[in-house]
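Single-letter residue listing:
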Amino acid sequence: KAGVTQTPRYLIKTRGQQVTLSCSPISGHRSVSWYQQTPGQGLQFLFEYFSETQRNKGNFPGRFSGRQFSNSRSEMNVSTLELGDSALYLCASSLVWGRTDTQYFGPGTRLTVL
Amino acid sequence: EDKVVQSPLSLVVHEGDTVTLNCSYEVTNFRSLLWYKQEKKAPTFLFMLTSSGIEKKSGRLSSILDKKELFSILNITATQTGDSAVYLCAVEAWGAQKLVFGQGTRLTINP
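Given the structure is predicted, the values throughout are model-derived calculations rather than measurements. (Residues numbered from 1 in each chain as written. Chains lettered and ligands numbered in written order. Predicted model: local features only at pLDDT ≥ 70, side-chain atom pairs only at ≥ 80, totals over all residues. Heavy atoms only, no water.)

### Focus on the state of the cysteines
Residues and elements named next belong to chain B.
Step number 1: Scanning all chains against the criterion turns up two disulfides over all chains.
Step number 2: A sulfur-sulfur separation of 1.9 Å characterises the disulfide bridge that pairs Cys-23 with Cys-89. Torsion about the S-S bond of the Cys-23 and Cys-89 cystine: about -65°, corresponding to left-handed handedness. Residue Cys-23 is found in strand S3 (residues 19-26), and its partner Cys-89 is found in strand S9 (residues 85-93); the two are separated by 66 residues along the sequence. Both residues of the pair, Cys-23 and Cys-89, belong to the buried class. (Disulfide = S-S within 2.5 Å. Helix = DSSP H or I, 4+ residues; strand = E, 2+ residues; numbered from the N terminus. Buried < 20%, exposed > 50% of the residue type's maximum accessible area, 1.4 Å probe, protein only.)

What follows is the structure in structure tokens.
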């Protein structure tokens, strides 16, 4: 069974631009969570989607948004990029909502904002 | 606000040594504590702990939770160079449906 895939793997943008990251969960998994990982703040929860609905949201500004499609694939969007948005963005999928012990992480998208 | 603190932040040992990684937490309505290993890419799940005093074991790795003192430890015995990684601790609260992570402990095993 294929794992969680994230595209692109690496991305370089400049301040003020916007970016869209994609996550394809493990086949059959319906819940997708997004996390931001930085050296200073560690891993921080962004949001979780289940059945195309956002079920939970972390403490991030409105520039961070996401969505989930009917095939459970998810995208996150960051508008008006800032230098501090440079990070590894990880997504994780699980079979059902709220089962963090069965979350499988993808390899991440490394975003660099110049 | 829920909080997880790991110590030490960095640890360098020789192959064959035993290491103990610490994780303390403050969370309202504690549900579970999880340990992950992160090498270059995706964190991989190690253990989930929900009850105090019950040791979880997998090969050379073991972990235990103390819900009274609000901490957990991860032990690795007979360390190998392949154990070099960042070890992450996370907690989940009932109803939160999200993980709060600590800063991680970067473990380096020298041959």
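### Describing the pairing of strand S4 (residues 30-38) of chain B
Across a regular strand the side chains alternate sides, sitting on one face of the sheet and then on the other.
All names here are of chain B.
Step number 1: Within S4, eight of the nine residues are buried, which leaves it mostly tucked inside the rest of the structure.
Step number 2: Bridge count between S4 and S9: eight bridges; the pairing is antiparallel. When the bridges of S9 are listed, Trp-35 appears paired with Cys-89.
Step number 3: Two elements, S4 and strand S5 (residues 43-49), share six bridges in a ladder whose sense is antiparallel. By the bridge assignment for S5, Gln-38 is matched with Pro-43.
Step number 4: In this antiparallel pair of consecutive strands, S4 and S5, the connection spans four residues. (Pairing = 2+ DSSP bridges.)

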